[in-house]
Amino acid sequence: MTAELPATVRTRAFIGGTFADAADGATFENFAPATGQVINTVAACGQADVDRAVAAARVAFDHGDWSRVAPADRKAVLFKFADLIEAQAGELALTEAIDAGKPITDCRDFDIPDVLNTLRWYAEAADKVFGKTSPTGPDHIGLITREPVGVVGGVLPWNFPMAMLAWKIGPALATGNSVVIKPPELASLTSLRLAELAADAGLPAGVFNVVPGLGHIAGQALGLHMDVDMVTFTGSTEVGRAFLRYSADSNLKGIVLECGGKSPQIVMADCRDQLDAVAADLANAAFWNAGQNCSAGSRILVQRSIREDFVAALAREAQRRTVGDPVDPGTDLGPLIEPSALDRVLGYIDQARSDGARVVTGGERVLAESGGWFTGATVLDNVTPEMSVAREEIFGPVVSVLAFDDAEEALRLANDTQYGLAATIWSKDIDVALRTARGIRAGTVAVNGYSEGDITTPFGGYRTSGFGGRDNGLEALEQYTELKTIWVTLH
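About the thresholds
Residues numbered from 1 in each chain as written. Predicted model: local features only at pLDDT ≥ 70, side-chain atom pairs only at ≥ 80, totals over all residues. Heavy atoms only, no water. 1 Å grid on protein atoms, 1.4 Å probe; cavity = no way out; pocket = protein on both sides within 12 Å on 5 of 7 lines; lining within 4 Å. Points joined across faces, edges and corners; volume = space filled by probe spheres on them. Helix = DSSP H or I, 4+ residues; strand = E, 2+ residues; numbered from the N terminus. Nonpolar A, V, L, I, M, F, W, Y, C, P; charged D, E, K, R; others polar. Pairing = 2+ DSSP bridges. Axes fitted to C-alpha atoms, helices over the stretch in contact; angles between N-to-C directions. Buried < 20%, exposed > 50% of the residue type's maximum accessible area, 1.4 Å probe, protein only. Right-handed = clockwise from strand over helix to strand, strands pointing away. Salt bridge = Lys/Arg side-chain N within 4 Å of Asp/Glu carboxyl O.

**Section: the layout of surface pockets**
Then, in step 1: By volume, the largest pocket amounts to about 860 Å³.
Then, in step 2: Lining the largest pocket are 34 residues, and of these Trp-158, Phe-233, Gly-235, Ser-236 and Val-239 lie nearest its centre.
Then, in step 3: Contributions of two or more residues to the lining of the largest pocket are made by α7 (215–224), β10 (230–234), α8 (237–249) and α11 (339–355).
Then, in step 4: Take the lining of the largest pocket: its biggest share by element is six residues, from α8.
Then, in step 5: In the lining of the largest pocket, the residues fall into 17 nonpolar, 11 polar and six charged.
Then, in step 6: Looking at the second largest pocket, its volume works out to about 750 Å³.
Then, in step 7: As for the second largest pocket, its lining consists of 35 residues, and the residues nearest its centre are Phe-110, Asp-111, Phe-160, Trp-288 and Glu-452.
Then, in step 8: When contributions to the lining of the second largest pocket are tallied by element, the ones reaching two or more residues are α4 (104–125), α5 (161–174) and α9 (275–287).
Then, in step 9: In terms of residue count, α4 provides more of the lining of the second largest pocket than any other element does, eight residues in total.
Then, in step 10: Its residues placed into classes, the lining of the second largest pocket shows 15 nonpolar, 11 polar and nine charged.

Put into structure tokens, the structure is as follows:
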């Protein structure tokens, strides 16, 4: 596990169109999850740097080089930006694999295509979204329009650094905003490189700024800043609550939250003759990105009559997952992001054992000799609803199996959570599937196949999984725009 980062990697803040050190020269060490070793140091931005980035974003917005140009011109720049990313896809995939510990095949075959599709989709939407007029009498005209919010702060998670960046900046830039991004301190490198490529594509200076740093310093400074008009955040529910407090303590800026999840996956007994296919699908839902995914299918609810056969099939799927070097194309599961994540995951498994759950497969640290933070795909059986592994977000490759007797009980168990991000239902009975889908309190419910939808469908959650807007779809444009009514009296 000795792959080297590309020479194009950037580690300094990107403010006002140029790279710069933190004002006080501070840096933080950046570790490779696969080896536990420091791979470089990154600028640790503080209040002064956030102030400078927000000021650059405000000047750019007020000057209008981006906010007031024709939507078709913004579209052209965003298309060029996507083209430059595509040309550097190999470099970016390698950087993300080393920096975030993600399997390089996932970076290359899923994340980068998602980035390109997102940017191009919102580029195309830039000049396709229309205002409207209200029904009035002959003496008035009511114009209903949308205009950019202004300066948008984006605080990103480390599990999908490039993809989440695109989800935020695609609609924000398409609608004419300036952005200040606080990338995840555990995986900052691709955000900085993408900012450089955006400038090369012709994005005006100050429109796209990146301030790497620690969350409780740079992230907090962005959340409390009086000249930031809104913040979009993806991450834990705990930190999401902090951003609500930051808004209340500053200028009541808009806050959009996409937070944690404990997504149920329901398997009805009428799927008895396709258990291998169902198990393969739900194993992917649970173990993709080493389970470090807000919508991971970490809670499988199985009808009791097929439970034993399903658990056996799920265990076989888990055992097929190869844990290893993230830059090896044969790797399915890379490392967890940091030592505390490994300790947390193993702690949940130990607690589950103590509570009476059965570890069917996995459950231990592996590849410890590498220095990295690896654990295998873990299946827990005999889990009951009150256990912590059935209620709390583990954020690791661990799935809990619970039994139910009928669809009514399945729905009750599915909704027995503080979260509401996603869910999956497997059933051949379309009435059962749709009735259950309607009854689940979650933002995305997939039927007969785990999915978050695609770029055309909004993604976000209920309850403590978030609120305030949605990523993806035309709906995402709404959170980055203000709705304005212009009432004209005719004389």
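**Section: the sheet that holds strand β6 (residues 140–148)**
Then, in step 1: What the three strands build is an open sheet, ordered β5-β6-β22; its pairing is antiparallel. Each end of this open sheet is capped by a strand with a single partner; those strands are β5 (132–134) and β22 (481–489). The average angle at which neighbouring strand axes cross in this sheet is 30°, direction not considered.

**Remarks on empty space enclosed by the protein**
Then, in step 1: Inspection of the entire model under this criterion finds five cavities of 30 Å³ or more.
Then, in step 2: When its volume is computed, the largest cavity comes out at roughly 70 Å³.
Then, in step 3: Contributing to the lining of the largest cavity are 13 residues, with Gly-291, Ala-296, Ser-298, Ile-394 and Phe-395 lying nearest its centre.
Then, in step 4: A class-by-class count of the residues in the lining of the largest cavity yields six nonpolar, five polar and two charged.
Then, in step 5: In this structure, the second largest cavity occupies an estimated 60 Å³ of space.
Then, in step 6: In terms of lining, the second largest cavity is formed by 14 residues, of which the most central are Pro-264, Tyr-419, Gly-420, Leu-421 and Ala-422.
Then, in step 7: A class-by-class count of the residues in the lining of the second largest cavity yields seven nonpolar, four polar and three charged.

**Here we look at the pairing of strand β12 (residues 264–267)**
Then, in step 1: On β12, burial covers both faces: Pro-264 and Ile-266 on one face and Gln-265 and Val-267 on the other are all buried.
Then, in step 2: Sheet analysis places β12 next to strand β13 (residues 299–303), joined by four bridges and oriented parallel. Paired with Ile-266 across the two strands is Leu-301, which belongs to β13.
Then, in step 3: Note that the unit made of β12, α9 and β13 has a crossover that is right-handed.
Then, in step 4: Across three bridges, β12 lies against strand β19 (residues 422–426) in parallel orientation. Considered in β19, the bridge of Gln-265 is made with Thr-424.

**Some remarks on the pattern of salt bridges**
Then, in step 1: Within the structure shown, the criterion is met by 27 salt bridges.
Then, in step 2: Between Glu-124 and Lys-75 there is a salt bridge; the shortest N-O distance is 3.5 Å. Here Lys-75 lies in helix α2 (residues 71–87) and Glu-124 lies in helix α4, a separation of 49 residues in the sequence.
Then, in step 3: The salt bridge partner of Lys-128 is Asp-127, with a shortest N-O separation of 2.7 Å.
Then, in step 4: On the accessibility criterion, Lys-128 (44% relative accessible area) is partly exposed.
Then, in step 5: On the basis of relative accessible area, Asp-127 is assigned to the partly exposed category, the value being 28%.
Then, in step 6: Linked through salt bridges whose partners overlap, the residues forming this network are Arg-10, Glu-91, Arg-193 and Glu-196.

**Quick notes on the sheet that holds strand β20 (residues 444–447)**
Two pairing modes exist for strands in a sheet, parallel and antiparallel, and in both the strands are linked by backbone hydrogen bonds.
Then, in step 1: Spatially, β14-β17-β18-β13-β12-β19-β20 is the arrangement adopted by the seven strands of the open sheet, whose pairing is mixed. Either end of the sheet is taken by a strand with one partner, and the two such strands are β14 (358–361) and β20. Ignoring which end each strand starts from, the neighbouring axes of this sheet average 25° apart.
Then, in step 2: Sheet topology note: the β13/strand β18 (residues 398–404) ladder contains five bridges and is parallel. Its bridge partner being in β18, Ile-300 is matched across the sheet by Val-401.

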